[in-house]
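Survey of secondary and tertiary structure
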Amino acid sequence: MELFSEVYNCYFQVISAFLQKDRRISEREMRFHINDSCFRESILYLLPRLTKQSWGFFEKKDGFLCSKLSEQFYTPLTDLQKSYLKAVLLDDKIRLFLSNTEIADINAVFSNIRPLYTPEDFYYYDRFADRDDYGNPDYRKHFQTLMAAILDRTYVDILYESRFGHRVRHIYLPCRLEYSIKNDCFRLLAVESHRQRNPRVEILNLSRIQAVTLTSKTAGKLPDINRILSRSYHREPARILIKDRRNALERAMLQFANYEKSTRRIDADTYECLIYYNKKMETELLIEVLSFGPMIQVVGNKDFLRLLKERLARQKAMLEEIS
Amino acid sequence: MSEFKELIKSFSKSREYVRDFFVYGFKTRDEFGGWSGRTYDNERRRLESWLSGYVRAEYKGKEKNIYLSIDSNLLDTNPLYRVWKAKSFTDNDVMLHFYILDYLENSKAQTADGVTDGILARYNVMFDAQTVRRKCNQYAQEGILLKEKRGKEVLYRPGTPFRKLLSAYPGLADAIKLYQLISPLGIVGNTLMENGSFANDLFRVKHSFFVFTLEDEILLALLLAMHEKRAVHLSIKSTRTDIFKETEGVPLKIFVSARTGRRFLILYLPDKRRFSSARLDAIKKVTKLDIYPAYPEIKEKLEKNKKSAWGVSFQNESRTHLEHVKLTLHIKEDSEGFILKRLEREGKDGIIRKTAPDTFTYEAEVFDANEMLPWIRTFMGRILAVESDCPKLKQLFQRDFSAMYRMYFSEYPGAGAKE
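First, a word on scope: everything that follows refers to the structure included in this document. Throughout this description, residue numbers start from 1 for each chain and increase along the sequence as written. Written order determines the labels here, with chains lettered from A and ligands numbered from 1. The predicted origin of the model limits local features to residues at a pLDDT of at least 70 and limits the giving and counting of side-chain atom pairs to 80 or more, whereas totals for whole chains, interfaces and linings rest on all residues. Side-chain descriptors were evaluated using all non-hydrogen atoms of the structure, hydrogens and water having been removed beforehand.

With that out of the way, let us pick up the overall build of chain B. Working definition: helices are DSSP H or I runs of at least four residues, strands are E runs of at least two. Numbering for both runs from the N terminus. Of the regular secondary structure elements, chain B holds 13 helices and 14 strands. When the backbone C-alpha atoms are referred to their principal axes, chain B occupies close to 90 × 60 × 45 Å. Across the 419 residues that make up chain B, the buried fraction comes to 58%. We call two residues in contact when some of their heavy atoms are within 4.5 Å. For chain B, the share of sequence-separated contacts (at least 6 apart) that also reach a separation of at least 24 residues comes to 60%. When accessible area is computed with a 1.4 Å probe and restricted to protein chains, residues below 20% of their type maximum are described as buried, those above 50% as exposed, and intermediate ones as partly exposed.

Take a look at the structure:
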């Protein structure tokens, strides 16, 4: 089973798409799709071979390129892909999408294929223990309702229990479901209204949702939550200095790899890293920074530095009181 | 001097470059050691081509510094998957792919000779029968074509279209939208989305390390060896010193850190009779060896031992069996319940006790207490005492705290602490 195979090459994929969807296509459209789904320089190699009879998949008619292959063209799955599907069917979250009967049926379709991996092959050794209960029928129902609401752009009525045990009812437009690998849980990213000029993304833990029902209100288009989330990032990023000792640089760069960041060398063994974050990510980022101890130093922004210094001052006072 | 090509034959060299650009993101032409300037220029151009849209450039004086800026919280898929779609191919590869599959889709099962003749008749393209047979066999091995023997003839036919499965089980497409982002070898899920012509319009992922995908070829080889219960020979390049070392062992499990962005292979070393670990990103080559007869027994032993491993270490410096760690923390009961919650969910079944008003202890027994230090530091501001039968732990904690305090409260702070 080859992972790095030409079968998955993006040139093959874009040609497949042309054959299946765009039976009659202009060179301009072809150019657009290649630029959109392949690499930056693919057009130089690929376009002449598709338009000038080199591979012969298309012929020119009335200024358009028409497929010479059948409309039903498809690429059958590879064993690697079937084997991956079998692996996915073993995960406990799969029941949020498929019933037991459906899982058994799909397994039967690929009865001669072994799963690519099993849950027992992996151990997430620092994952949090209070994971969501994916086997809970209410949870599954809420999850499916929210998926339907996102796809249909429908507002939902949610009864939610807050961290402090208060129950609140509210109407939201669900935009995405966010899965946290560290917490092994889902959160809903939603807005109160798609018509707001400056909407805020509300984050609700799925495990705290007590009830959710679809309303009759829909939105023409989901808001651009990337823009909203990016706008929520502090204007001034956290600025940290890393002394490259005890592999600290490599460790820090890896640990902060899932933040938007930029790094530069400022002298022989010191590096400056800017990390972009918002208010909701602040405590988590602070905890991650603390875990490095003296190997990294926060130098900005002012608020983030203050939070860190407060913790250190409190720790000093605590140790002095004991001694 | 070789001509620049966007596609590549083998992934291993580019893997190092993409990793360095993605993880570090600050290396200039001169800082990349080991390869010539021309190689750097080609790799950089390739990376800019593969990942255009995510590549940013900064200038340091006259030097151009490019880096990858990827915020995993905001993406529908992992942009680094694109590097897996850059395998080079020949004109014959691409033509045979489309003509063979299209011809077979519209015919009954055929021999390789029948396919060769059919392609000539239907598309007016001539191939050598041997070339067609080789491609049919390659695709049968990949699972794309089904191969059956009827009498003396070998017949080929295509597998079922994925779209049939998707229309019978609509929930499957939504599941793939999620798993391609969060599962091991998610790149395969991403190729399924392409095959089924759908995109992820439902999910986002948090705490995902997109860079993991660069190790997927190594992971795949290890999983296959694990499932066959085989020992392996590994070529490992130290992440600190760049020195290669060769090792042999029995691969048992992949330990994943959801916090630090590292994945480890846990393997058993039969000659040393102990468990060991190797970072997946440091493993450069995997060679399968013989089946290891006692595989089930050592796997069971690992399952028992993993409960007492805080991270990936199965022994400590003093070679004692387990080390005891006790933290005493100041936690305001009425307003800081979330700290207790943190201890419960992150503390791996450690025992939490209330010992006085607003004072709690957390106790655990682990193989290597030093592995707990980064976690202990995260409670800075609440720690009343750190106790352990590993004396180094307390010393390290105190040393680190003093260094941090000096760093932030001395008049002339510098980056990092003096050791």
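Our focus in this paragraph is helix 11 (residues 337-346) of chain B. Within helix 11 of chain B, burial applies to Ile339, Leu340, Arg342, Leu343 and Glu346 of chain B. Angularly, the buried residues of helix 11 of chain B cover 150° about the axis, an arc narrow enough to put them on a single face. Among the structural elements, helix 9 (282-291) of chain A together with strand 11 (323-330), strand 12 (351-356), strand 13 (359-366) and helix 12 (373-377) of chain B are those in contact with the buried residues of helix 11 of chain B. After helix 11 of chain B finishes, the residue lysine 348 of chain B shows a positive phi value of roughly 50°. It is the directions from the helix axis to the C-beta atoms that the arc portrays.

Our focus in this paragraph is the packing of aromatic side chains. Residues and elements named next belong to chain A. Side-chain rings of Phe, Tyr and Trp (the six-membered ring for Trp) are treated as a pair once their centres are within 6.5 Å; stacked means planes under 30 degrees apart, edge-to-face means over 60, and tilted covers the remaining angles. All told, the structure shown has 42 aromatic pairs over all chains when counted by the stated rule. The interplanar angle of 80° and the centroid separation of 6.0 Å between the aromatic rings of tyrosine 134 and phenylalanine 186 together place this pair among those described as edge-to-face. With tyrosine 134 in the loop between strand 4 (122-124) and helix 6 (137-152) and phenylalanine 186 in strand 7 (residues 185-191), this residue pair connects regions lying 52 residues apart in the sequence. Just above the ring of phenylalanine 64 sits the side chain of arginine 24; from NZ or CZ to the centre is 4.0 Å. Whether a charge lies above a ring is judged from NZ of Lys or CZ of Arg, which has to be within 6 Å of the ring centre and within 35 degrees of the ring normal.

Let us now look at the sheet that holds strand 10 (residues 238-243) of chain A. Residue and element names in this part refer to chain A. By definition, two strands form a pair when at least two bridges between them are found by DSSP. Strands sit in the order 11-12-10-13 across an open sheet of four strands; the sheet is antiparallel. The sheet terminates laterally at strand 11 (261-267) and strand 13 (296-300), the two strands that pair on one side only. The average angle at which neighbouring strand axes cross in this sheet is 25°, direction not considered. As judged from the four bridges shared by strand 10 and strand 13, these two strands associate in the antiparallel manner. Directly across from arginine 239, in strand 13, lies its bridge partner glycine 300. In the packing of helix 8 (residues 248-255) onto the sheet, the strands contacted are strand 10, strand 11 and strand 12 (270-275), and the crossing angle to strand 10 comes to about 150°. Angles shown run from 0 to 180 degrees and are taken between the N-to-C directions of axes, each axis being a line fitted to C-alpha atoms and, for helices, limited to the stretch in contact.

Any Lys or Arg side-chain nitrogen located within 4 Å of an Asp or Glu carboxyl oxygen qualifies as a salt bridge. What the rule picks out here adds up to 54 salt bridges over all chains. For the salt bridge of lysine 93 of chain A with aspartate 91 of chain A, the shortest nitrogen-to-oxygen distance reads 3.2 Å. Judged by its relative accessible area of 5%, lysine 93 of chain A is buried. With a shortest N-O distance of 2.7 Å, aspartate 400 of chain B and arginine 377 of chain B are connected by a salt bridge. Residue aspartate 400 of chain B is found in helix 13 (residues 391-409), and its partner arginine 377 of chain B is found in helix 12; the two are separated by 23 residues along the sequence. A single network of salt bridges, built from pairs that share partners, joins Asp91, Asp92, Lys93, Arg127, Arg131 and Asp184 of chain A.

All names here are of chain A. Among the six residues of strand 10, five are classified as buried, and the element is accordingly described as predominantly covered. Sheet topology note: the strand 10/strand 12 ladder contains six bridges and is antiparallel. Across the sheet, the residue bridging to leucine 241 is glutamate 272, located in strand 12.

Next up on the list: the packing of helix 1 (residues 10-20) of chain A against helix 2 (residues 27-37) of chain A. Helix packing geometry: the angle between the two helix axes and the distance between the axes. Residue and element names in this part refer to chain A. Packing of helix 1 against helix 2 leaves a shortest axis separation of 10 Å and a crossing angle of 140°. Comparing their axes, helix 2 and helix 1 come out oblique. In terms of crossing hand, the pair formed by helix 1 and helix 2 is right-handed. Together, Cys10, Val14 and Phe18 of helix 1 and Met30, His33, Ile34 and Ser37 of helix 2 make up the contact between the two elements. Polarity classes work like this: nonpolar for Ala, Val, Leu, Ile, Met, Phe, Trp, Tyr, Cys and Pro, charged for Asp, Glu, Lys and Arg, and polar for all others, with Gly in that last group. Within the contact of helix 1 with helix 2, the residues separate by chemical class into five nonpolar, two polar and no charged. Orientation is classified from the angle alone, with under 35 degrees giving roughly parallel, over 145 giving roughly antiparallel, 65 to 115 giving roughly perpendicular, and any other angle giving oblique. We call a crossing left-handed when the near helix sits turned anticlockwise from the far one by less than a right angle, and right-handed when that turn is clockwise.

Attention shifts here to helix 2 (residues 37-50) of chain B. Residues and elements named next belong to chain B. Taking 1.5 Å as the rise per residue, helix 2 with 14 residues should run 20 Å; its terminal C-alpha atoms sit 20 Å apart, in good agreement. In terms of burial, helix 2 is a largely internal element, ten of the 14 residues being buried. Within helix 2, burial applies to Thr39, Tyr40, Asn42, Glu43, Arg44, Arg46, Leu47, Glu48, Ser49 and Trp50. Helix span is expected to be 1.5 Å times the residue number reduced by one.

The next thing to look at is the interface of chain B and chain A. Between chain B and chain A, the contact holds 160 residues from the first and 139 residues from the second. Taken together, both faces of the contact between chain B and chain A bury some 13900 Å²; the carbon and sulfur share is 60%. Summed over both partners, the accessible surface that disappears when two parts come together, traced with a 1.4 Å probe, is what is meant by buried area. In terms of surface lost to chain A, no three residues of chain B exceed Phe98, Arg204 and Tyr408 of chain B, which account for 6% of the buried area on that side. Scanning the region where chain B abuts chain A turns up seven salt bridges.

Here the focus is the environment of tyrosine 11 of chain A. Mapped onto the elements of the fold, tyrosine 11 of chain A is located in helix 1. A relative accessible area of 2% places tyrosine 11 of chain A in the buried class. Residues tyrosine 11 of chain A and cysteine 185 of chain A, 174 residues apart in the sequence, show an inter-C-alpha distance of 36 Å. Once residues lying within four places of it in the same chain are set aside, the contact partners of tyrosine 11 of chain A are Cys38, Ser42, Tyr45 and Leu46 of chain A together with Glu6, Leu7 and Phe89 of chain B. Counted as a polar contact is a pair of N or O atoms within 3.5 Å, where, for protein atoms, one must be capable of donating a hydrogen and the other of accepting one, and residues adjacent in sequence contribute only when both atoms are in side chains. At a separation of 2.4 Å, a polar atom in the side chain of tyrosine 11 of chain A contacts the side chain of glutamate 6 of chain B.

Moving on to the nonpolar core. Side chains that are nonpolar tend, in soluble globular proteins, to be buried together. Residues grouped as a nonpolar core are buried Ala, Val, Leu, Ile, Met, Phe, Trp, Tyr and Cys residues, joined through side-chain atoms within 4.5 Å. By size, the foremost hydrophobic cluster in this structure holds 245 residues, and its most contacted members are Phe57 and Phe186 of chain A. Per-element tally for this core: the top contributor is helix 3 (residues 91-105) of chain B, with nine residues.

A few words now on the sheet that holds strand 14 (residues 383-388) of chain B. Hydrogen bonds between backbone atoms are what pair the strands of a sheet, whose relative direction is either parallel or antiparallel. Residue and element names in this part refer to chain B. Read across the sheet, four strands follow the order 12-13-11-14 without closing on themselves; strand pairing throughout is antiparallel. Every other strand in the sheet has two partners, leaving strand 12 and strand 14 as the edge strands with one partner each. Across this sheet, the average inter-strand angle for adjacent strands is 20°, counted without regard to direction. Sheet topology places strand 12 next to strand 13; five bridges connect them, and they run antiparallel. Each bridged residue has a counterpart across the sheet, and for lysine 354 the counterpart in strand 13 is phenylalanine 360.

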